[in-house]
Amino acid sequence: MNEMNRKLSILAAIWVALVCAPFWMPYVGGYTALGTRVLVLGLGAMSVNFLLGFTGVLSFGHAAWFGLGAYGCGLLLKFVAPSTSLGLLAGTLLGGVMGGLLGALLVRRRGVYFAMVTIAFGQVFYYIAFQWSSLTGGDDGLRGFERQPLHLGFATVDILSDSTAFYYFVLVCFALVVAAMAFILRSPFGRTMLAIRENERRARFLGIQIEQHIWIAFTLSCFFMAFAGSLYALVNNFADPLGLHYSQSGNFVIMAVLGGMRRFWGPLLGAVVFVVLQDYVSSITINWQIFIGILFVLVVLFFPRGLLGFLQQRKRA
Amino acid sequence: MTQLLLFNITNGLMIGAFYVLMALGLSLILNLSGVINFAHGGFLVIGGYIAYTLEPYLGFWGALVASPFLTAIIGLAVERVLISRVYGRDPLYSLLLTFGLAYILEAGTRMIWGAQGKPFTIPEFLAKPISSEFFFITGYRLFMVLIVAVVVTGLFSFLRLTRIGIRIRAGTLDLETVAGLGVNVRALRSLNFAVGIFIAGLSGVLAGGQLGLEPTMGAGLLMPSFIAIIVGGVGSLAGTLVGGLLIGVASGLTAVFYPSASEAVIYVLMAVVLLTRPRGLFGEEGMLT
């Protein structure tokens, strides 16, 4: 009971902090747009972790689905219909379906090899976005679209110029996806994912169809990722080919590991630290990459279980 | 048309030769230590820039010889201090570590030598084309092919004929048994890593002579090298060799007919190979998969 209360109060604290963010962030040197970016990238890191932390499958090409989501959303807004919700739908479907198709090809691979193949295939989409400049804007990225006001039937919310309204829009989207993730992880399917992570061979002996489960988990993770990517296009009113690049995949993985990949909320914490650090360091030096690189090395050497894992260890000791 | 075709095939082979050098080093390290070295391109760049720094003192030939050794020493230090700590751990950590190292090496190169590209001069007699009809075959290109051939032959004979080489190959198959037989696996892995980085450094010098030096040039070679390994088959060095040349020629040929797809075609090739023969052309079932 005590444990349960503790968990509930932490959960409540997280949501209160997120809901009140536009009010407290200016006092600690933040701004609302930074909060929105943290939410979206955090959602991406949580999607990567859905696969990495809870199924134990190491995909290093997830930026492809993130970027496809962004391009899908941007292209729809630019060429088809000026509707934010349709844009989100198009981006999510584009990234999720492509990811699912590719996943079917890869599910039998494991470990390092799986990582290599996902990186290489992820780069395909980077090259397409880079080369097909008549459609995607090539190196310059896709410009010329804007997120549109939301029509809720009884009211219209201007999320374009009002950054606080947009933050809450993103927060609602974030909450829906996070709830879906939590629901899946609590379901029998989610428990099976954990069983595969812990001991694949034993799970196979129990009659679990490993490939099928991994494929479903991979595809779900791609859909979540593509949704985060679509939101990211709305954040910037811009889709960047670098969002598809494998270095972006690396950033998502490091956010997940930095926060703690065995924890549901770990990747969000990782995203907070990563995004704020990147924002700060890139404002003081042009060689910010070196600091990001050092962060990677330090995390691997000293915090392999992430900040949350580290805190827990300290408490036990 | 024949000339254009020949021009692009030669071009493809040249590029393929670079992929081969890079991929062989990556493959060596992956096979023995299970580490995908994302920082490989970073070491390649360092090799090129060290040669650029040494050239005024040692000349082209001196720099060509000295730079790979210095790069290998840097690689050895990095392996001892950092990479050796993640051996045997979840591949996630070696990926992240070398990923971070790649950032550090690239940004470090930019800090030391500047973001602007640097020219790397090659001897006069190598820069000239061998004939006016085949203007695209310069002496330097022939020279590069020669070096690549020497390195590949040297590497394969090292692995077949020397005691250390045989241990490396045995370790690729079953490291535990090799350790049980009294081989110092720690030293073996370090040496193996250094050999891989030596080759990377050498390709950096060669690439610098052909294309000039830029801090980002290594990252661009990394993906094709990955694909060379996947197409050739993980665990097989001969496969890596064939894979590298194959994707080089494929992208060279595509450049004739449909230039904008010349990079995409190597991914198509990879997809076809994975669909029809998931272990790669020369790969053995079960190795690292």
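Below is a short write-up of the structure. (Residues numbered from 1 in each chain as written. Chains lettered and ligands numbered in written order. Predicted model: local features only at pLDDT ≥ 70, side-chain atom pairs only at ≥ 80, totals over all residues.)

**Considering the overall build of chain A**
Okay, step 1: Scanning chain A for helices and strands turns up 15 helices and two strands.
Okay, step 2: Computed over C-alpha atoms, the radius of gyration of chain A comes to 19 Å, within 12% of the 20 Å expected from 2.2 N^0.38 for 317 residues, which places it in the range of a compact globule.
Okay, step 3: For chain A, the spread of C-alpha atoms along the three principal axes comes to 50 × 45 × 45 Å.
Okay, step 4: Per-residue burial for chain A yields a buried fraction of 47% across its 317 residues.
Okay, step 5: Excluding contacts between residues fewer than 6 apart, the proportion of contacts in chain A whose partners are at least 24 apart in sequence is 73%. (Helix = DSSP H or I, 4+ residues; strand = E, 2+ residues; numbered from the N terminus. Rg over C-alpha atoms; globule rule 2.2 N^0.38 Å. Buried ≥ 20, exposed ≤ 12 C-beta atoms within 10 Å, placed from the backbone. Contact = placed C-beta atoms within 7 Å.)

**Things to note about the overall build of chain B**
Okay, step 1: Helix and strand counts for chain B stand at eleven helices and zero strands.
Okay, step 2: Helices and strands in chain B line up, N terminus first, as α-α-α-α-α-α-α-α-α-α-α.
Okay, step 3: Computed over the C-alpha atoms, the radius of gyration of chain B is 19 Å, within 12% of the 19 Å expected from 2.2 N^0.38 for a compact globule of 289 residues.
Okay, step 4: Oriented by its inertia axes, the alpha-carbon framework of chain B measures out at about 60 × 50 × 35 Å.
Okay, step 5: Per-residue burial for chain B yields a buried fraction of 52% across its 289 residues.
Okay, step 6: Of the contacts made within chain B by residues no fewer than 6 positions apart, 74% connect residues no fewer than 24 positions apart.

**Some thoughts on the interface of chain A and chain B**
Okay, step 1: Each side of the interface is counted separately: chain A has 35 residues, and chain B has 36 residues.
Okay, step 2: The set of elements that each furnish at least two residues to the side of chain A that touches chain B consists of α6 (111–131), α12 (246–259) and α14 (288–302) of chain A.
Okay, step 3: Residue contributions to the side of chain A that touches chain B peak at 13 residues, all from α6 of chain A.
Okay, step 4: Looking at side-chain class alone, the side of chain A that touches chain B contains 25 nonpolar, seven polar and three charged residues. (Nonpolar A, V, L, I, M, F, W, Y, C, P; charged D, E, K, R; others polar.)

**Some remarks on the packing of helix α1 (residues 2–33) of chain B against helix α9 (residues 217–232) of chain B**
Residue and element names in this part refer to chain B.
Okay, step 1: Axis separation between α1 and α9 bottoms out at 8 Å; the angle between their running directions is 70 degrees. In terms of orientation, α1 and α9 fall into the roughly perpendicular class. Between α1 and α9 lies a crossing whose hand is right-handed. Every residue of α9 that contacts α1 at F18, Y19, V20, M22, A23, L26 and S27 is listed here: L221, P224, S225, A228 and I229.
Okay, step 2: Among the residues forming the contact of α1 with α9, the class breakdown is ten nonpolar, two polar and no charged. (Axes fitted to C-alpha atoms, helices over the stretch in contact; angles between N-to-C directions. Parallel < 35°, antiparallel > 145°, perpendicular 65-115°, else oblique. Left-handed = near helix turned anticlockwise from the far one by under 90°.)

**Observations concerning helix α4 (residues 63–80) of chain A**
Okay, step 1: Between its first and last C-alpha atoms α4 of chain A spans 25 Å; for 18 residues at 1.5 Å apiece the expected length is 26 Å, and the two agree.
Okay, step 2: Within α4 of chain A, 15 of the 18 residues are buried, which leaves it mostly tucked inside the rest of the structure. (Expected span 1.5 Å × (residues − 1).)

**Details of unusual backbone geometry**
Residue and element names in this part refer to chain A.
Okay, step 1: Even without a glycine there, the phi angle at N237 is positive, about 50 degrees.
Okay, step 2: Residue placement: N237 occurs in the loop between α11 (210–236) and α12.
Okay, step 3: Exposure remark for N237: the 15 C-beta atoms within 10 Å place this residue in the partly exposed category.

**Thoughts on the environment of E55 of chain B**
All names here are of chain B.
Okay, step 1: One can find E55 in helix α2 (residues 40–81).
Okay, step 2: The buried category is assigned to E55, around which 21 C-beta atoms lie within 10 Å.
Okay, step 3: Separated by 190 residues in the primary sequence, E55 and L245 place their C-alpha atoms 30 Å from one another.
Okay, step 4: Excluding residues that lie within four positions of it along the chain, E55 makes contacts with F60 and A63.

**Examining α9 of chain B**
Residue and element names in this part refer to chain B.
Okay, step 1: The end-to-end C-alpha separation of α9 is 23 Å, in line with the 22 Å expected for 16 residues at 1.5 Å each.
Okay, step 2: Taking burial as the measure, the 16 residues of α9 include 15 buried ones, the bulk of the element.
Okay, step 3: One or two steps after α9, the chain reaches G233, where phi turns positive at roughly 110 degrees.

**A few points about the environment of G212 of chain B**
Residue and element names in this part refer to chain B.
Okay, step 1: You can see G212 is positioned in the loop between α8 (185–211) and α9.
Okay, step 2: Here G212 falls in the partly exposed class, since 15 other C-beta atoms lie within 10 Å of it.
Okay, step 3: The spacing of G212 and F120 is 92 residues in sequence and 5.6 Å in space, taken between C-alpha atoms.

**As for the packing of α2 of chain B against α8 of chain B**
Residues and elements named next belong to chain B.
Okay, step 1: It is at 8 Å that the axes of α2 and α8 come closest, and there the two elements cross at 140 degrees. At the point where α2 passes α8, the crossing takes the right-handed sense.
Okay, step 2: For the contact of α2 with α8, the per-class residue count stands at 19 nonpolar, eleven polar and two charged.

**Brief notes about the nonpolar core**
Okay, step 1: Ranked by internal contacts, the top residues of the largest apolar core, which has 182 residues, are A120 of chain A together with L96 and I227 of chain B.
Okay, step 2: In contact with I227 of chain B, other than residues within four places in its own chain, are A120 of chain A together with I247, I266, Y267 and M270 of chain B. (Core = buried A, V, L, I, M, F, W, Y, C linked by C-beta atoms within 7 Å.)

Function cannot be read off these values alone, since they describe shape.
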